[in-house]
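Residues per chain are reported as follows:
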Amino acid sequence: MMKLNGKSVLHFLNNDSHIDKRGYLLKKGEVNKGWQRRWFLLKGNMLFYFHNCHDSEPIGLVVLEGCSINLCATDTTTFSITFKFEASRTYHLCAENEETCLSWVNSLQRSSYGYLKAQVDRMQDQVFLLCTA
């Protein structure tokens, strides 16, 4: 289990570093099973969500490590974030259209440390091959 320091997370959220993606999505509730419109902000491997775009403190945070992002087979605007751990929650999200959905899925898939490390490793291999050729 990962523990996060609330002050550190809020500092990371509010500093001037790059925001990778932001926008409204519908999120299916865990307790209330209906769809709720939420403002999402992706920063690094952290997906914050808020009641609306004017809120300064998030109502939730999803750390995008050890998860898979999957498109729904029956709806082109819906996707899920599923964690590999048994007792973990699955997040169901819905975009306003297929293009926005695919954009979110691509951004989320590229946000994990594992993905970024694999990209760096691949580039280092290419540089090594170029330097030894």
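Note that the structure is a prediction, hence the values are computed from the model and not measured. (Residues numbered from 1 in each chain as written. Predicted model: local features only at pLDDT ≥ 70, side-chain atom pairs only at ≥ 80, totals over all residues. Heavy atoms only, no water.)

1. Digging into the side chain of Gln36
To keep things clear, this is the line we draw: Only runs of H or I of at least four residues qualify as helices and only runs of E of at least two qualify as strands under DSSP, and these elements are numbered from the N terminus. Buried residues are those whose accessible area, probed at 1.4 Å on protein chains only, stays under 20% of the maximum for their type, while exposed residues exceed 50% and partly exposed ones sit between those limits. Two N or O atoms form a polar contact when they lie within 3.5 Å of each other; inside protein one atom must be a possible hydrogen donor and the other a possible acceptor, and for residues adjacent in sequence the pair counts only when both atoms belong to side chains.
Mapped onto the secondary structure, Gln36 falls in strand S2 (residues 35-43). Classification of Gln36 as buried rests on a relative accessible area of 18%. There is a polar contact of 3.3 Å between the side chain of Gln36 and the side chain of Arg38.

2. What about the pairing of strand S3 (residues 46-50)?
Counted only if it meets this: Paired strands, in this sense, are two strands between which DSSP finds at least two bridges.
The element S3 is largely enclosed, with a buried count of 5 among its 5 residues. Here S3 shows no split at all, with Met46, Phe48 and Phe50 on one side and Leu47 and Tyr49 on the other all buried. As paired strands, S2 and S3 are joined by 5 bridges and run antiparallel to one another. Paired with Lys43 across the two strands is Met46, which belongs to S3. Hairpin geometry of S2 and S3 is characterised by an intervening segment of 2 residues between the two adjacent antiparallel strands and by a positive phi of about 65° at Gly44. Inspection of the sheet shows S3 paired to strand S4 (residues 60-63) by 4 bridges, in the antiparallel sense. From the neighbouring strand, Leu47 faces S4, where its bridge partner is Val62.

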